[in-house]
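# An overview of the molecular structure
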Amino acid sequence: KAKAEGRNMHRFFEAAMGLQERERRLIEYDLRNAVKRGEMGVVYQPQKRIDSRETIGYEALIRWYHPQRGEIDPSYFIPIAEESGAIVQIGEWVLRMACLEAATWDGDMTIAVNVSPVQLHGGAFPLSVQSILMATGLQAHRLEIEITETALIKDLNRTLVTLRHLKLLGVKVTLDDFGTGYSSLANLRAFPFDKIKIDRSFIHSVNTNEQAAAIVRAVVGLGRGLGCPVLAEGVETKEELDFLHLEDCQMAQGYFLGRPSAAEDMSAEFRVEPKRLGA
Ligand code: C2E
Ligand code: MG
Ligand code: MG
Ligand code: MG
């Protein structure tokens, strides 16, 4: 009986696996035309100075409004797009949209764009950044490329060459989700990042878990020592923000400070009117 049960379980898992695989392939197929069909969007989440609460910039986050399935999470479809290579085209689209949007903003506000390792290595990334900056009129120092630690170590030497090229253009480079990857400290020595983002998993438990608090404290100190500003992501409560303020963390981002929103819903006060570049 146990054997038969085992066999049934095995069949069950096989069927489930098959379903998942089919599902992935359908998503992969739909991804190829999602930009063309106007299903993709970009939302913007504010990044603020903790002491003054001043908005210093925004992070661009992709959204996919699938006509049948509704909104699909980036953490689900981005890995599929990376595997199929569709991320190169999708990522370039996000970059162009984000730069176009940021070019309408007043002052020195920055725009942070997430870039996948596949995109980073996909041929001429710095060149495409350069041409997007030219086309949108956005100053290079207002663009920040966010890369995750895992992306960094995937092909360290090649990544470093590309990142240096970006720095030569005047573009800023941020280490995203810090603390979740491997060999974190070596990575920090390998490249002069302009900003470090502490992963939100640490921020979330900062007031209930002494270990998380100690890690956040240490990363802020590390950033100070390296002369590299630190941004805490995923700040959801006033208590978390108070802790970060006390620890002298410079910047924060999270639902407590502002949710991601569509460009047209953002406050218009900092827009340069009526010049809408590229329009
Ligand atoms: P990320 O770059 O670490 O972005 C932060 C994520 O945390 C976003 O999720 C954001 O909506 C969410 N978030 C912000 N504040 C809070 C908070 O207070 N609490 C919680 N629980 N979450 C918060 P999102 O938009 O679902 O994106 C997930 C990940 O997908 C991103 O993580 C990034 O790695 C990737 N991603 C998003 N857009 C792009 C893109 O255009 N290109 C690439 N390559 N990856 C992207
Ligand atoms: Mg990010
Ligand atoms: Mg992050
Ligand atoms: Mg994250």
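Each chain has its residues counted from 1, following the order in which its sequence is written. Written order decides the labels, with chains lettered from A and ligands numbered from 1. Reporting of local features is limited, given that this is a predicted model, to residues whose pLDDT is at least 70; pairs of side-chain atoms are given and counted only at 80 or more, and all residues count toward the totals for whole chains, interfaces and linings. The side-chain values count all of the structure's non-hydrogen atoms but skip hydrogen atoms and water molecules.

Within an unreviewed UniProt entry, the label attached to the protein chain reads EAL domain-containing protein, and the organism entered is Oryzicola mucosus.

A few words now on the pattern of salt bridges. In the sections that follow, a salt bridge refers to a side-chain nitrogen of Lys or Arg positioned within 4 Å of a carboxyl oxygen of Asp or Glu. Tallied over the full model, the rule gives 15 salt bridges. Ionic pairing is found between Glu-210 and Arg-217, a salt bridge with its closest N-O pair at 3.7 Å. Relative accessibility decides the category of a residue: with a 1.4 Å probe and only protein chains considered, values under 20% of the type maximum give buried, values over 50% give exposed, and everything between is partly exposed. Residue classification places Glu-210 among the exposed residues on the basis of a relative accessible area of 54%. Beyond isolated ion pairs, a larger network of salt bridges with shared partners links Glu-59, Glu-146, Lys-197 and Glu-233.

Let us now look at the coordination of the magnesium ion (ligand 3). Here the coordinating atoms are restricted to nitrogen, oxygen and sulfur within 2.8 Å of the metal centre, or 3.2 Å for Na, K and Ca, and because water is not among them the sites may look incomplete. Bound to the magnesium ion (ligand 3) on the protein side are Asp-176 (OD), Asp-177 (OD), Glu-233 (OE) and Glu-233 (OE), at distances that span 2.0 to 2.7 Å. In this model, the magnesium ion (ligand 3) sits 3.8 Å from the magnesium ion (ligand 2), the two metals being bridged by Asp-176. Of the two residues, Asp-176 sits in strand β6 (residues 172-178) while Glu-233 sits in the loop between β8 (230-232) and α11 (238-246), which places them 57 residues apart along the sequence. With relative accessibility at 11%, the residue Glu-233 sits in the buried group. The secondary structure listing takes helices from DSSP runs of H or I that are at least 4 residues long and strands from runs of E that are at least 2 residues long, numbered from the N terminus.

What follows is about the pairing of strand β2 (residues 55-66). The two faces of a sheet get side chains in turn, since along a regular strand they alternate between them. In terms of residue burial, β2 counts as a mostly covered element, since 9 of its 12 residues are buried. A loop of 5 residues connects strand β1 (residues 40-49) with β2, the two strands running antiparallel in sequence, and Arg-53 in this loop sits at a positive phi of about 65°. Only when DSSP finds a minimum of two bridges between them are two strands counted as paired. Two elements, β2 and strand β3 (residues 70-72), share 3 bridges in a ladder whose sense is antiparallel. Residue Trp-64 lies in a different strand from β3, and its bridge partner there is Ile-72. In textbook terms, the turn of a hairpin is the stretch between consecutive antiparallel strands, and for β2 and β3 this stretch comprises 3 residues.

A word on unusual backbone geometry. For Arg-53, which is not a glycine, the phi torsion comes out positive at approximately 65°. Tracing the backbone through its elements, the reader meets Arg-53 in the loop between β1 and β2. Accessibility expressed as a relative area gives 43% for Arg-53, which makes it partly exposed. Non-glycine residue Asp-177 carries a positive phi angle of around 55°. Structurally, Asp-177 is set in strand β6.

Let us now look at the layout of surface pockets. Estimates place the volume of the largest pocket at around 1400 Å³. Listing elements by their share of the lining of the largest pocket, those giving two or more residues are β1, β2, α2 (74-84), α3 (87-102), α4 (117-121), β5 (143-148), α6 (149-154) and β6. Across the lining of the largest pocket, the residue classes tally to 16 nonpolar, 12 polar and 15 charged. A cavity here means a set of points on a 1 Å grid, drawn over the protein atoms and nothing else, where a 1.4 Å probe fits but cannot get out; a pocket is an open set with protein on both sides within 12 Å along at least five of seven lines, and a residue lines either one if it has an atom within 4 Å of a point. Grid points are joined across faces, edges and corners, and a volume is the space filled by probe spheres set on the points. When residues are grouped by polarity, Ala, Val, Leu, Ile, Met, Phe, Trp, Tyr, Cys and Pro land in nonpolar, Asp, Glu, Lys and Arg in charged, and all others, Gly among them, in polar.

On to the coordination of the magnesium ion (ligand 2), then. Those donors, Glu-59 (OE), Asn-114 (OD1), Glu-146 (OE) and Asp-176 (OD), are the protein atoms that reach the magnesium ion (ligand 2), and they lie 2.0 to 2.2 Å from it. The buried category is assigned to Glu-146, whose relative accessible area is 2%.

This part is about helix α5 (residues 125-136). To estimate how far a helix should reach, multiply one less than its number of residues by 1.5 Å. When the terminal C-alpha atoms of α5 are compared, their 16 Å separation across 12 residues agrees well with the 16 Å that a helix rising 1.5 Å per residue should span. Elements that come into contact with the buried residues of α5 comprise α3, α4, β5 and α7 (156-169). Gly-137 lies just past α5 and shows a positive phi near 80°. Residue contacts are counted whenever heavy atoms from the two residues lie within 4.5 Å of one another.

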